[in-house]
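Here are the chains, one letter per residue:
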Amino acid sequence: MVPSQVAANCAKRKAHGVGDSPSKKAKSDIPGYNDSPQEEYDIVDRQFYPPEMENERCKQYNTSAIERPIETFEEAQRETQSERDKTRVKDAVVHWFKCDLRITDNKALHLASAKAKSRSVPLICIHIVSPQDYKAHVTSAVRVDFVLRTLEVLKEDLAQLDIPLYVETVAKRKAIPNRIFELCEKWGASHLYTNIEYEVDELRREALMTRTGVSNGVAVHAVPDTCVVAPGELSSGTGNQYSVYSPWFRAWLAYLHTHPHQLDLFDPPNKNPEDARRNFKDLFECEIPEAPENKNLTDEEKKRFRSMWPPGEHEARERLGKFLSEKVHHYADARNIPAGNSTAIVSVHLSSGTLSARTAVAAARDANSTKKLDGGEKGIVGWISEVAWRDFYKHVLAHWPYVCMNKPFKPEYTNIQWEYNNELFQKWCTGMTGYPFIDAAMRQLNHTGYMHNRARMAVASFLAKDLLIDWRMGERYFMEHLIDGDFASNNGGWGFSASTGVDPQPYFRIFNPLLQSERFDADGEYIRKWVKELEGIEGKAIHDPYGRKATKAAEKAGYPKMCVDHKESRERCLKRYKEGLGRDTA
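The written sequence of each chain sets the order in which its residues are numbered from 1. Whole-chain, interface and lining totals are the exception, using all residues; otherwise, since this is a predicted model, local features are given only for residues with pLDDT of at least 70 and side-chain atom pairs are given and counted only at 80 or more. Just so you know, side-chain values use all the structure's heavy atoms and leave hydrogens and water out.

1. Observations regarding the overall build of the chain
Line of reasoning, step 1. Each helix is a run of DSSP H or I of at least 4 residues and each strand a run of E of at least 2, with the numbering of both proceeding from the N terminus. From N to C terminus, the chain includes 28 helices and 5 strands.
Line of reasoning, step 2. Taking 586 residues into account, the globule formula puts the C-alpha radius of gyration at 25 Å, and the chain, at 24 Å, falls close to it.
Line of reasoning, step 3. Residues classed as buried in the chain amount to 58% of the 586 residues present.
Line of reasoning, step 4. Across the chain, contacts joining residues at least 24 apart in sequence account for 77% of those joining residues at least 6 apart.
Line of reasoning, step 5. For the chain, the centre of its 82 positive side-chain charges and the centre of its 83 negative side-chain charges are spaced 2 Å apart. We compute the radius of gyration from the C-alpha atoms alone; for a globule the expected value is 2.2 Å times N to the 0.38, where N is the number of residues. Only protein chains enter the accessibility calculation, which uses a 1.4 Å probe; a residue whose area is less than 20% of its type maximum is buried, one above 50% is exposed, and one in between is partly exposed. The contact definition used throughout considers only heavy atoms, calling two residues in contact when any of these lie within 4.5 Å. When charges are counted, Lys and Arg are positive and Asp and Glu negative, with His and the chain ends excluded. The location of each charge is read from NZ of Lys, CZ of Arg, CG of Asp or CD of Glu.

See the structure below:
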């Protein structure tokens, strides 16, 4: 997609209210509005969230002076356990699909099916489309489209087992719990199963539903399934949550080696009783809705994205199998090369739940020469480590929930003075910075809804450190455009690159975009694919056409000069970080 098309799409989405911000006058009427850049640039979406959290409150979370949402949820589960256990199965059991859009290796779905079978009652599945959740969580339109297409596949798979999938759009996100309880009452269901999500809003919602379900005669069973190892299972020798990946990963490996059953996969649900189709005929006829107005794609975008990203768990397992049989042997050496097509590209399936992380790790283990997750083939060990990062960031999210509230993991980094230069930000967004590797990556994102992980680190570092633009603007842009957008992983990656997060690169380590280009796209293959203005430039000039005697060709093609000087930007960045932190060390 050329930059002008990106700008046009931004304008189109603003017309639908996506990315819009209220006028200053309107904002000033919002309680707590403080006219800060964070307010002005919608880093804090005040339609759903309070003002930016104070550092002192972050410290209270760190010292356990404030109860974490996961603790609130766990307390609700403990205190209602007895009542939920005593709840008698009535006419049906319900499973609520969220980010687990598969029938294979789905813990909550498996448990719901077993509960239904124990009393010979039907299993009913539901999914709620929530336009407000999409907006509050900055979910991309391409991701919404993928989810809705996946629901069509899921519906067919369930129908083969005579299990209905009911999908409904609920306009107000706060109305979702009551609506689900209404449906349970309508269908005579006294048991609701779902898999836990670890974002703050979702944990608080599930805690509330666990408690109110008891009074509504519905036992709510929210179970851990998103991670291979659930948050709370790993702790350091001092009993604390790990904040550095390497020791956490060693603990993760040790846990799985001593609890190998954690990699046992859950069977698909049982077939429903024969009368399910007759008794719930209207549910089987339920259609999957169109995308909400605030997440519409153009016809051209639908055609393009749908050709690139087939939906459903069958596609997910096929991709995984092909990677493990054909590519994983070269993964250790080739995984950082964006043009190499050497990765599994299953992140969209992991984030939407068409593939479980447990299935991915178990399949990689079974493809290896040993059952040890840290032994055998180097490529397999490396790939398992990459899947584990997803667990790590969700563990971080559960223990330090303020990262879900627009705060850096290290609250003291709040004091860094960021830039809010819209002209430079737009150059970054549209891939017109004058740094070919950076521009190639951004254009890949805008055209495909996806970006190679090495490129994600490079463009994030460039925005935060070369341009000194608030990293949260980049974090938001990624979520608005990625088909595999996952809050915990996206936030963790941006925190790493901006040196504001858990286990970061020290702030004085600043990616040189030219060196990144030369190292990871030596022949310029990635650049030539995505920056069409430069496809005729040969040799090393592809990395820096204006600095390597390709000025005329670049100018003629309309490619811009570098928007900033890296050396000068690096010095400015170091100075700004030191001033914000009040020290010379990370």
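2. Points about the sheet that holds strand β4 (residues 189-195)
Line of reasoning, step 1. Within the open sheet, the 5 strands sit side by side as β3-β2-β1-β4-β5. Their pairing is parallel. Only two strands of the sheet have a single partner each, and these edge strands are β3 (165-169) and β5 (219-223). Across the sheet, the mean angle separating the axes of adjacent strands is 25 degrees when strand polarity is ignored.
Line of reasoning, step 2. Of the strand pairs in this sheet, strand β1 (residues 92-97) and strand β2 (residues 123-129) are connected by 5 bridges, and their pairing is parallel. Residue Val93 lies in a different strand from β2, and its bridge partner there is Leu123.
Line of reasoning, step 3. Only C-alpha atoms enter the line fits that serve as axes; for helices the fit covers just the stretch in contact. Angles between N-to-C directions range over 0 to 180 degrees. The sheet contacts of helix α8 (residues 141-159) involve β1, β2 and β3, and relative to β3 the element is tilted by about 155 degrees. Any two strands are treated as partners once DSSP identifies two or more bridges connecting them.

3. Regarding the UniProt feature "site: Electron transfer via tryptophanyl radical" (unreviewed entry) in the chain
Line of reasoning, step 1. UniProt positions are given in the numbering used here, feature names are shortened, and annotations may be inferred rather than shown by experiment. As recorded in UniProt, the sites labelled "site: Electron transfer via tryptophanyl radical" (unreviewed entry) are Trp418, Trp471 and Trp494.
Line of reasoning, step 2. You can call Trp418 buried: its relative accessible area is 7%.
Line of reasoning, step 3. Residue contacts for Trp418: discarding those within four places in its chain leaves Tyr413, Ala464, Leu468, Ile469, Asp470, Trp471, Thr500, Arg576 and Tyr577.
Line of reasoning, step 4. Inspection of the secondary structure puts Trp494 in helix α24 (residues 487-498).
Line of reasoning, step 5. In contact with Trp494, other than residues within four places in its own chain, are Trp428, Ala460, Leu463, Trp471, Gly474, Glu475 and Phe478.

4. Focus: the nonpolar core
Line of reasoning, step 1. In these notes, a set of buried Ala, Val, Leu, Ile, Met, Phe, Trp, Tyr and Cys residues joined through side-chain atoms within 4.5 Å is what counts as a nonpolar core. Counting residues in hydrophobic clusters, the biggest one holds 62 residues, and the most contacted among them are Tyr198, Trp248, Trp252, Trp383 and Tyr402.
Line of reasoning, step 2. For this core, the secondary-structure elements that each account for two or more residues are α4 (55-62), α5 (69-86), α10 (200-215), α11 (245-258), α15 (313-327), α18 (357-366), α19 (378-399) and α24.
Line of reasoning, step 3. Counting residues per element, this core draws most heavily on α19, at 10 residues.
Line of reasoning, step 4. Those residues in contact with Trp252 that sit more than four places away from it in its chain are Val228, Val229, Leu234, Val361, Leu373, Ile384, Ala388 and Asp391.
Line of reasoning, step 5. One finds Trp418, Tyr420, Ala458 and Tyr526 within the second-largest nonpolar core, a separate group that totals 53 residues.

5. Observations regarding the state of the cysteines
Line of reasoning, step 1. Cysteine sulfur pairs qualify as disulfides if the two atoms are within 2.5 Å. Under the definition given, this model contains 0 disulfides.
Line of reasoning, step 2. Just so you know, Cys404 is unpaired, no disulfide at all, and the nearest cysteine sulfur is the one on Cys58, 12 Å from it.

6. Let's talk about the environment of Gly547
Line of reasoning, step 1. Residue placement: Gly547 occurs in the loop between α26 (525-530) and α27 (551-557).
Line of reasoning, step 2. For the pair Gly547 and Cys125, spaced 422 residues apart in sequence, the C-alpha separation works out to 59 Å.

7. A word on the packing of aromatic side chains
Line of reasoning, step 1. Each pair of aromatic rings taken from Phe, Tyr and Trp, with Trp reduced to its six-membered ring, is defined by centres within 6.5 Å and is described as stacked if the planes are under 30 degrees apart, edge-to-face if over 60, and tilted in the remaining cases. Throughout the structure, instances matching the rule amount to 28 aromatic pairs.
Line of reasoning, step 2. With a centroid separation of 5.7 Å and 25 degrees between ring planes, the pair formed by Phe249 and Trp252 is classed as stacked. Pair noted here: Phe249 and Trp252 are both in helix α11, with a separation of 3 residues, about one helical turn.
Line of reasoning, step 3. Given the relative accessible area of 12%, Phe249 is considered buried.

8. Comments concerning α8
In an α-helix, one turn spans 3.6 residues; hence positions three or four apart end up facing the same way.
Line of reasoning, step 1. The terminal C-alpha atoms of α8 lie 27 Å apart, and with 19 residues this matches the ideal 27 Å at 1.5 Å per residue to within 8%.
Line of reasoning, step 2. Along α8, 15 of the 19 residues are buried, which leaves the element largely enclosed by surrounding structure. Take the number of residues in a helix, subtract one, and multiply by 1.5 Å to get its expected span.

9. Quick word on the pattern of salt bridges
Line of reasoning, step 1. The working definition used for a salt bridge is a side-chain nitrogen of Lys or Arg within 4 Å of a carboxyl oxygen of Asp or Glu. Scanning all chains against the criterion turns up 37 salt bridges.
Line of reasoning, step 2. Linking Lys394 and Asp486 is a salt bridge whose minimum nitrogen-to-oxygen distance equals 2.9 Å. In this pair, Lys394 sits in helix α19 while Asp486 sits in the loop between α23 (471-481) and α24, placing the two residues 92 residues apart along the sequence.
Line of reasoning, step 3. Classification of Asp486 as buried rests on a relative accessible area of 10%.
Line of reasoning, step 4. Residue Glu571 pairs with Arg570 through a salt bridge whose shortest N-O separation is 3.8 Å.
Line of reasoning, step 5. Through salt bridges with shared partners, a single network forms among Glu52, Lys407, Asp470 and Arg472.

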